[in-house]
Amino acid sequence: MKFNLYLSKKARNITEIKGNITSQAPLDDSLSIDYNLSSWSITRGWKSNSYVNRNPKACSTMKFVLGNAWNSFQKAFKIPSENCPLPSVMFTSTGLDIKFIGDNRAPKVYFYGKY
């Protein structure tokens, strides 16, 4: 998947996510989601493996982690179905207010620092 997203200030108190997400293959549960964050060490260097997460079933996991934010995400990016798999097309958003993405199941607290 390719993400071309940016933040846009709609009003003084409204920030939106705009851009597009391109999927070159259907997003289904045969794929997995893996990410590995590094953090900035107090000894001035990047420390690998500060936060590692591996999840099978990419589509179902993404929807689970997004939680209630999935509905806002689906509407803003005009995703045609709420069920897996998601088709391989470009999803474009003309604006998703960031206040709607806070209602999710992603970790809310990380160790202090720069990731």
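Preceding this section is the structure that the text describes.
An account of the accompanying structure is given in this report. (Residues numbered from 1 in each chain as written. Predicted model: local features only at pLDDT ≥ 70, side-chain atom pairs only at ≥ 80, totals over all residues. Heavy atoms only, no water.)

### What to know about unusual backbone geometry
Here is the rule: Put simply, DSSP marks the helices as runs of H or I at least four residues long and the strands as runs of E at least two long, and each gets a number from the N terminus on.
Cis peptide bonds are those with omega within 30 degrees of zero, and the linkage from C84 to P85 qualifies with 0°. On the secondary structure map, P85 appears in the loop between α2 (69-76) and β5 (90-97). Phi is positive for R44, which is not a glycine, with a value near 65°. Counting through the fold element by element, R44 comes out in the loop between β3 (33-40) and β4 (46-55). Located in the positive-phi region is K57, a residue other than glycine, with phi close to 55°. Inspection of the secondary structure assignment puts K57 in the loop between β4 and α1 (58-66).

### Considering α2
Short version of the rule: A 1.4 Å probe rolled over the protein chains alone gives each residue an accessible area, and that area as a share of the maximum for its type sets the label: buried under 20%, exposed over 50%, partly exposed in between. Whether two residues touch is decided by their heavy atoms; if any such pair falls within 4.5 Å, the residues are in contact.
The element α2 is largely enclosed, with a buried count of six among its eight residues. By the burial criterion, the buried members of α2 are A69, W70, S72, F73, Q74 and A76. Check the buried side of α2 and you find it contacts β2 (14-22), α1 and β5. Within two residues after α2, K78 carries a phi angle of roughly 55°, on the positive side.

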